[in-house]
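Descriptive analysis of the structure
Residue strings, one per chain:
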Amino acid sequence: MKKLLIFMISIQIGLILNAQVLENLTIGLESNTVWYNDDGETGPFFDTSNNDGDKHLRSNNYLKIDYNFLQNFTASVQIESYEPFALLNYSKSYEGTNLGTYSLNYRDSKLNITAGHFYSQFGSGLILRNWEDRQLGINNALQGGKIVYEPADFISLTALYGKQRVGFKTSEGEVFGFNSELDAAALLDFRDSSLDIGLSYVGRKEDTPFVNPTFDELTNLFSGRVDFYQNNFYSNAEYILKGEDAIKQGGQLSNRFITGGNAILFNTGYSKSGLGIDATFRRLENMSFFSERNAAGNVFNESSINYIPGLTKQHDYLLTNIFVYQAQSIVNLDTSQSGEIGGQLDLFYKIKKETLIGGKYGTKIALNASYWSGLKGDYIQDNPDAGTLPSYDVDLFAFGNKYFSDFSIEIRKKWTPNWRSIFYFVNQSYNKKIVEGSGQMITSNIGVIESTHKLGNRKSVRFEIQKLNSDSKKHDWTGGTIEYNLNSKFSIYVNDIYNNGSDSDTEKTHFFNIGGSYTKGATRLGLNYGRQRAGLLCVGGVCRFVAEATGLTANLSMSF
Amino acid sequence: MKKIIILIALTFSSGLLFSQNLPNINLKGLDGKTVNIKKISKSKNIKIFAFWATWCVPCINELDAISEVYEDWQDETNVELIAISTDDSRTKKRIRPLVNGKDWSYDILLDDNQDLKRALNITVLPHLLIVKNGKILYRKTSYIPGSEDEIYEIIQKYTN
């Protein structure tokens, strides 16, 4: 605390001394505070991960300061405070107040050098991605050094080394990376098209816990990619090869189960004014990759080196987010899992103005479909008595057990200058056993109607009504939202979802929220009271399980 | 704790009096060409940097709303809106079809590992910067229907 005070005072003095400093300073503050209360319906407050039922007030705070100086330098620090404990469902490794990340960066037209913490991404991130998501409690920045060298316009080379951030500590394992990006279109002087080629290497070195390990402490991954774009057409492909490594089975690292992995990602699309089509195919086989082998499968997504998002549409409504898919990348012989295969299709279309269906203002349509299943093949359990090692043998393009499918259509319609509506329909199948560990396949149909009315004088009102029907007796949900914007600064809302089905966790309970926000410039203050449904919280295709909780939440965010 | 809050408040309030420079960061456009943020911000015409994502409904509502009046804005003030997508590789593929499908005429830049978003300390989307002569004149977060009119008033104020 004292350190923080001294730090703040020194900044303050610095600011007063030099006004010019301010022109090169950016500051971001985010504070999320919750008072968890005992809930008459769902039970008293209890934090299972800290074994605590007393500290009802929790707060996560982030202060980030970036300062540019001497033309080419940037210094950056992020101070984080989780007091007295972090909000519910965050990893225990976020505790207390401390320096989260710090870095010093030098950048000129050819060189970009960072010492300290850095965030990096190679290709789509399937081989390496460092990122921060405060809502999910993810910050897997590397602490070490990174050099990006661009000797010419068409080539970029990156070398990096670091240990990964895990809470306020760093990982046991070390990460090495090299990346090269070649802009072949510029090199070959293509006029109207672009062609990028990328090659990467990522290595993770971690001591093995075994006396006679049957695998190397260094695990190697290689990736190659091509990205092409011409006129209205584009296409890209990526292949990743993961070298042999020990697999974690039954919660333990195995010295008997050693195998490699790979990933194929292919994406293509066509778009022109008023029309867009996009298709993605992805196959993952044993692609989970962590800076510590034992972190594989951890619920907080800590220590993950690569980024494996669920490639499904990110829906925006309460009931469309009850059954959310999480990409399956781990190996589990018990459930015959070694990865996933599937794809996603998107279509965007604008029906022109002044046509029969388009109406006076035009109509916008978005279609999305995705399908994911397991890898089909033979899964052989460990049997030391019979002399068989654990293994699996899967086909390249065969679809196994269905994990998830999703079809959605969204129609956006403007009726008058002051009235617009969105119609949304989703059909989903969700393999609860695979995604959450227990349960069965649930197929649901969800309908949403949203309508926004401008009332003049910058007042507006927005309604949502939502309905979810499923083939399971457990899930029959109804939901609604009303939002009223008093002016461009104040906004209040109330929403509620209710399950009329027999699901023991959620039945006959109103998961309601009431709140408001005040926004001025880049400052936003939100207040909310409500009951949170237990389930997967997903941001950017990565999910974290959150427990049921009721409380009063205050969110403050400021940027300068 | 109180002292810290006061200090933070002071720091921020003194920050309000100055306009900031933009960071020296390169982003790629949808056409594959690299753009330097500092360079493009050094224009005497106003530029709007609108941070958005394909999954952010208020962002899309805001860009849709501006898109309907964008021609008028441009005619009167020469303003240019640059829509900076913060989509990561999961949803990045959706940018091109969405932009074309919606018939937006904005330039699109890709901040797919959020380097610029982080450098500007943006935490909430949508987030909008009004920039002129290399300086940030105004920052705004969140969107409610009709707030595009307020943005336009600010643009008009800073034009000339």
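Residues numbered from 1 in each chain as written. Chains lettered and ligands numbered in written order. Predicted model: local features only at pLDDT ≥ 70, side-chain atom pairs only at ≥ 80, totals over all residues. Heavy atoms only, no water.

1. Here's the deal with the overall build of chain A
- Along chain A, the regular secondary structure elements total four helices and 30 strands.
- In summary, chain A has a C-alpha radius of gyration of 25 Å against a globular reference of 24 Å for 560 residues, a match within 12%.
- Projected onto its principal axes, the C-alpha positions of chain A cover 70 × 70 × 65 Å.
- Long-range contacts, defined here as pairs at least 24 residues apart, represent 57% of the contacts in chain A between residues at least 6 apart.
- On chain A, roughly 24800 Å² of surface is accessible, and the fraction owed to carbon and sulfur atoms is 57%.
- One way to put it: in chain A the 53 positive side-chain charges average out to a point 8 Å from where the 59 negative ones average out. (Helix = DSSP H or I, 4+ residues; strand = E, 2+ residues; numbered from the N terminus. Rg over C-alpha atoms; globule rule 2.2 N^0.38 Å. Contact = heavy atoms within 4.5 Å. Areas by Shrake-Rupley, 256 points an atom, 1.4 Å probe, with all protein chains shown as cover. Lys, Arg positive; Asp, Glu negative; His and termini not counted. Charge placed at Lys NZ, Arg CZ, Asp CG, Glu CD.)

2. Examining the nonpolar core
- In this structure, Phe49(B), Phe51(B), Trp52(B), Leu81(B), Tyr106(B), Ile108(B) and Ile155(B) are the most contacted members of the largest nonpolar core, which totals 49 residues.
- Among the elements of the structure, strand E4 (47-52), helix H3 (57-77), strand E5 (80-85), helix H4 (95-102), strand E6 (107-110), helix H5 (115-119), strand E7 (127-132) and helix H6 (147-158) of chain B are those that each provide at least two residues to this core.
- Residues in contact with Phe51(B), not counting those within four places in the same chain, are Cys59(B), Ile84(B), Thr86(B), Asp111(B), Leu116(B), Lys117(B), Leu120(B), Ile122(B), Leu125(B), Pro126(B), His127(B) and Leu129(B).
- Listed in part, the 43 residues of the second largest apolar core include Trp372(A), Tyr424(A), Val448(A) and Ile497(A). (Core = buried A, V, L, I, M, F, W, Y, C linked by side-chain atoms within 4.5 Å. Buried < 20%, exposed > 50% of the residue type's maximum accessible area, 1.4 Å probe, protein only.)

3. Describing the pairing of strand E11 (residues 155-166) of chain A
All names here are of chain A.
- In this structure, strand E10 (residues 142-152) lies alongside E11, joined through nine bridges in antiparallel fashion. What sits directly across from isoleucine 147, in E11, is alanine 159.
- Hairpin remark: E10 followed by E11, antiparallel, with two residues in the connecting loop.
- In this sheet, strand E12 (residues 169-183) lies alongside E11 in antiparallel orientation, the contact comprising eleven bridges. Paired with isoleucine 155 across the bridge in E12 is leucine 182. (Pairing = 2+ DSSP bridges.)

4. Points about the domain arrangement of chain A
All names here are of chain A.
- Each assigned domain of chain A is listed here: domain 1 (1-91), domain 2 (109-308) and domain 3 (310-560).
- Inter-centroid distance (C-alpha atoms) of domain 1 to domain 2 is 29 Å.
- If you look at the interface, domain 1 gives nine residues, while domain 2 gives nine residues.
- Taken together, the two surfaces of domain 1 and domain 2 that pack against each other cover about 780 Å², and 47% of this comes from carbon and sulfur.
- Here domain 1 and domain 2 share two salt bridges between them. (Domains from an automatic or database assignment. Buried area = accessible area lost by both parts, 1.4 Å probe. Salt bridge = Lys/Arg side-chain N within 4 Å of Asp/Glu carboxyl O.)

5. Remarks on the interface of chain A and chain B
- Every contact between the two is made by 81 residues of chain A and, on the other side, 65 residues of chain B.
- Of the roughly 6500 Å² buried between chain A and chain B, counting both surfaces, carbon and sulfur atoms make up 53%.
- The largest contributions to the chain A side of the interface with chain B come from Glu23(A), Arg458(A) and Phe560(A), which together make up 10% of the buried area.
- The partner of Arg458(A) in a salt bridge is Glu150(B), with the nearest N and O atoms 3.4 Å apart.
- Between chain A and chain B we count 34 residue pairs in polar contact (both at pLDDT 80 or more) in total.
- It is helix H1 (residues 2-17) of chain A that contributes the most residues to the side of chain A that touches chain B, seven residues altogether.
- Here the side of chain A that touches chain B is built from residues that sort into 27 nonpolar, 32 polar and 22 charged. (Polar contact = N/O pair within 3.5 Å; in protein donor to acceptor, adjacent residues only side chain to side chain. Nonpolar A, V, L, I, M, F, W, Y, C, P; charged D, E, K, R; others polar.)

6. A few points about the packing of H3(B) against H6(B)
All names here are of chain B.
- At a minimum axis separation of 10 Å, H3 and H6 run at an interaxial angle of 25°. Here H3 lies roughly parallel to H6, going by the angle between them. Of the two elements, H3 crosses H6, and the hand of that crossing is right-handed. For the pair H3 and H6, the contacting residues are Glu62, Ala65, Ile66, Asp72, Trp73, Glu76 and Thr77 in the first and Glu148, Ile151, Tyr152, Ile155 and Gln156 in the second.
- Classifying every residue of the contact of H3 with H6 gives six nonpolar, two polar and four charged. (Axes fitted to C-alpha atoms, helices over the stretch in contact; angles between N-to-C directions. Parallel < 35°, antiparallel > 145°, perpendicular 65-115°, else oblique. Left-handed = near helix turned anticlockwise from the far one by under 90°.)

7. Brief notes about the packing of aromatic side chains
- Considering all chains together, one arrives at 29 aromatic pairs over all chains under this definition.
- Look at Trp415(A) and Phe423(A): their rings are 6.5 Å apart centre to centre, the planes differ by 90°, and that puts the pair in the edge-to-face class.
- For Trp415(A), a relative accessible area of 36% translates into the label partly exposed.
- Taking 5.8 Å as the distance between ring centres and 45° as the angle between the ring planes, the aromatic pair formed by Trp104(B) and Tyr106(B) counts as tilted. The pair Trp104(B) / Tyr106(B) is uniform in exposure class, with both members buried. (Phe/Tyr/Trp six-rings, centres within 6.5 Å; stacked < 30°, edge-to-face > 60°.)

8. A short note on the state of the cysteines
Residues and elements named next belong to chain B.
- According to the stated counting rule, one finds one disulfide over all chains in the structure shown.
- Disulfide pairing places cysteine 56 opposite cysteine 59 at an S-S distance of 2.0 Å. Note on the cysteine 56 and cysteine 59 pair: the S-S dihedral is about 80°, so by sign convention the disulfide is right-handed.
- With relative accessibility at 5%, the residue cysteine 56 sits in the buried group.
- The buried category is assigned to cysteine 59, whose relative accessible area is 0%. (Disulfide = S-S within 2.5 Å.)

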